[in-house]
Number of protein chains: 2
Amino acid sequence: MDTKLILQHVSRHIQLDNAEKDFFVSLLHTKTLKRKEFLLRQGNICKTENFIIKGCLRTYTIDDNGFEHILMFGVEDWWVGDLYSFLTQSPATYFIDALEETEVLQISKDNLDKLYNRVPKFERFFRIMLQNAFIAQQQRIHQNLSFSAEERYLNFLTKHPHLEQRLTQKQVASYLGITPVFLSMLRKKMARK
Amino acid sequence: MDTKLILQHVSRHIQLDNAEKDFFVSLLHTKTLKRKEFLLRQGNICKTENFIIKGCLRTYTIDDNGFEHILMFGVEDWWVGDLYSFLTQSPATYFIDALEETEVLQISKDNLDKLYNRVPKFERFFRIMLQNAFIAQQQRIHQNLSFSAEERYLNFLTKHPHLEQRLTQKQVASYLGITPVFLSMLRKKMARK
C-alpha cells in the first residue's frame, strides 16, 4: 500500500508517533478505479471516506431531465465521499465516478470511529479538513450567487491551475453551472483579450 | 451571562465536567446587537466565532451593482462568523448584521486555541459542528445547481419552518437567488394548489 502521500498530508496538521502511524495505516484499504468506474452511486450507502493518491474523481447528481450537475472535482491529496451518507449510513445523494484511472485509500466508518477513540489527535485533523472544505464551499456558494459566469470561470482557473486540462469542456461547464456552448464563447472572448 | 443554551448545545456532542464547563464559559463574552446593527463588516477582521442565544442574523455580500446576496441566516443555537477571516485573521468577505435584536456569545481565536489545548474534547465538538455545516452547504450547492426556484423555496420552508415569518420577502428572495417579484409569483402559484 502506498501510504507516503497520506502520511505527509496528515503530518501537515498533526504529529504522529510510529505506533500511531501504523495503527492509522492498518485501518486503510486501497481501491483502484478504471476511468468511468463508480466509487459511489446515488441511492447506495457511502461506506468509506476516500483519500485520492492518484487520479481524478467527480461528485455529481443527475436531475429529473437527465442533466448532470457537478458539485466538485477531487484530485491527488483530497478527500471525497458523500459525507451525510457516510455519517448516517443512509442512501447517498451523489454519484462519484473516476475521470481518470484512480487510486484511493479508504477508511470505513467503524474504522474512523476506532481511530478517533484510539488517536484523538485525528479529531483535530478532520476538524481542520472540514474547516478547509467548509470555506471552499462557502466561497463556491458566494460566487454562484454573486459572480458572473466569466468571473467564476477565471476563479476556477486560478484556484485549480492544472485541473482544466484533465477535464472535458462539458465537465467544466457543468461545474460552473453554464452550458458548454456558453463556456466556449467565454473562452473565445478571453482569448481575444 | 446566559450560558444555559450553549452548555446544552455542547453537551449534545461531548461531556464536560464542571471544571471544563467553567473554563469554557470563562472564555466567552456576551454581545447584544440592535436590529440592523453589524456583527461584522466586509473588510474588517472577524475576531470572534459567535453562538446565537437570541435573535436572527444574516451573512451576506454586496456585489458591484449594489445587490445583496444572502449566504445564510442564523438563529438561536447556531454559530455564525466569517470562518476564513477568523482563522487567518484576514479581512472578511462577508457582512453579518442583525435582523432582530440579537444576543450572541463570542469566543476569540486566542481563546478558542486555548480551549482546544486545555480541553481537546472541543476538537471533537467543532469537528461535528463543521460536519453539519459542511453537509448543509453541500445541500445548498446541490439545490442551487439542480433544483427549480419553487423546489428551493419549498425546501427552505421545510427545513426552517419558523424562519420565514422572521424575514422580509426581499430577504427570502435574496437567499433563494431570485427576485422578490418572482418569489411573490411562486407564493401565489403555491397558494392556488
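Residues numbered from 1 in each chain as written. Chains lettered and ligands numbered in written order. Predicted model: local features only at pLDDT ≥ 70, side-chain atom pairs only at ≥ 80, totals over all residues.

1. Considerations on the overall build of chain A
The number of helices and strands found in chain A is eight helices and eight strands. Its C-alpha atoms give chain A a radius of gyration of 18 Å, within 12% of the compact-globule value 16 Å for 193 residues. For chain A, with 193 residues in total, the buried portion stands at 33%. For chain A, contacts bridging at least 24 residues in sequence account for 71% of all contacts bridging at least 6. (Helix = DSSP H or I, 4+ residues; strand = E, 2+ residues; numbered from the N terminus. Rg over C-alpha atoms; globule rule 2.2 N^0.38 Å. Buried ≥ 20, exposed ≤ 12 C-beta atoms within 10 Å, placed from the backbone. Contact = placed C-beta atoms within 7 Å.)

2. Topic: the interface of chain B and chain A
Facing the 27 residues of chain B at the interface are 27 residues of chain A. For the side of chain B that touches chain A, the secondary structure elements donating two or more residues are strand S5 (68-75), helix H3 (83-88) and helix H5 (121-146) of chain B. Of the residues forming the side of chain B that touches chain A, the biggest block, 17 residues, is contributed by H5(B).

3. What to know about the sheet that holds strand S4 (residues 56-62) of chain A
All names here are of chain A. Taken together, the four strands give an open sheet; going across it, the order is S2-S7-S4-S5, and neighbouring strands pair in antiparallel fashion. Two strands bound the open sheet, and with one partner strand each, they are strand S2 (38-40) and strand S5 (68-75). Across the sheet, the mean angle separating the axes of adjacent strands is 30° when strand polarity is ignored. Where helix H7 (residues 169-176) meets the sheet, it contacts S4 and S5, and its direction lies at approximately 105° from that of S5. (Pairing = 2+ DSSP bridges. Axes fitted to C-alpha atoms, helices over the stretch in contact; angles between N-to-C directions.)

4. A closer look at the packing of helix H7 (residues 169-176) of chain B against helix H8 (residues 180-192) of chain B
Residues and elements named next belong to chain B. In contact at an axis separation of 8 Å, H7 and H8 are set at 100° when each is read in the N-to-C sense. Comparing their axes, H8 and H7 come out roughly perpendicular. Judged by residue contacts, Gln169, Lys170, Val172, Ala173 and Leu176 of H7 engage Pro180, Leu183 and Ser184 from H8. In terms of residue class, the contact of H7 with H8 is built from five nonpolar, two polar and one charged. (Parallel < 35°, antiparallel > 145°, perpendicular 65-115°, else oblique. Nonpolar A, V, L, I, M, F, W, Y, C, P; charged D, E, K, R; others polar.)

5. With respect to the relation of the copies chain B and chain A
In screw terms, the move from chain B to chain A is a rotation of 180° and a rise of 0.0 Å along the axis, fitting with an RMSD of 0.0 Å. Seen this way, the second copy is the image of the first under a two-fold rotation axis. Of the C-alpha atoms belonging to chain B, the one lying closest to the rotation axis is found on Arg127(B), 2.1 Å away. Of the residues that chain B buries at the interface, 100% are likewise interface residues in chain A, meaning the two copies contact each other through the same surface. (Least-squares fit on C-alpha atoms with pLDDT ≥ 70 in both.)

6. A look at the domain arrangement of chain A
All names here are of chain A. As assigned here, chain A comprises domain 1 (4-130) and domain 2 (147-193). Mapped onto the side of domain 1 that touches domain 2, the elements with two or more residues apiece are S4 and S5. Considering every element that reaches the side of domain 1 that touches domain 2, the biggest residue donor is S5, with five residues. Residues that form the side of domain 1 that touches domain 2 fall into these classes: five nonpolar, one polar and three charged. (Domains from an automatic or database assignment.)

7. Concerning the confidence of the model for chain A
Across chain A, the average pLDDT comes to 94, with 100% of residues at or above 70. Interface confidence for the predicted complex, given as ipTM, is 0.90, next to a pTM of 0.92. (pLDDT = per-residue confidence, 0-100.)

8. Some words on the pairing of strand S3 (residues 48-54) of chain A
Residue and element names in this part refer to chain A. In terms of burial, S3 is largely enclosed, as five of its seven residues are buried. Looking at chain direction, S3 and strand S8 (residues 102-108) are connected through six bridges and run antiparallel. When the sheet's bridge partners are listed, phenylalanine 51 is paired in S8 with leucine 105. Note that S3 and strand S6 (residues 79-80) share two bridges and pair antiparallel.

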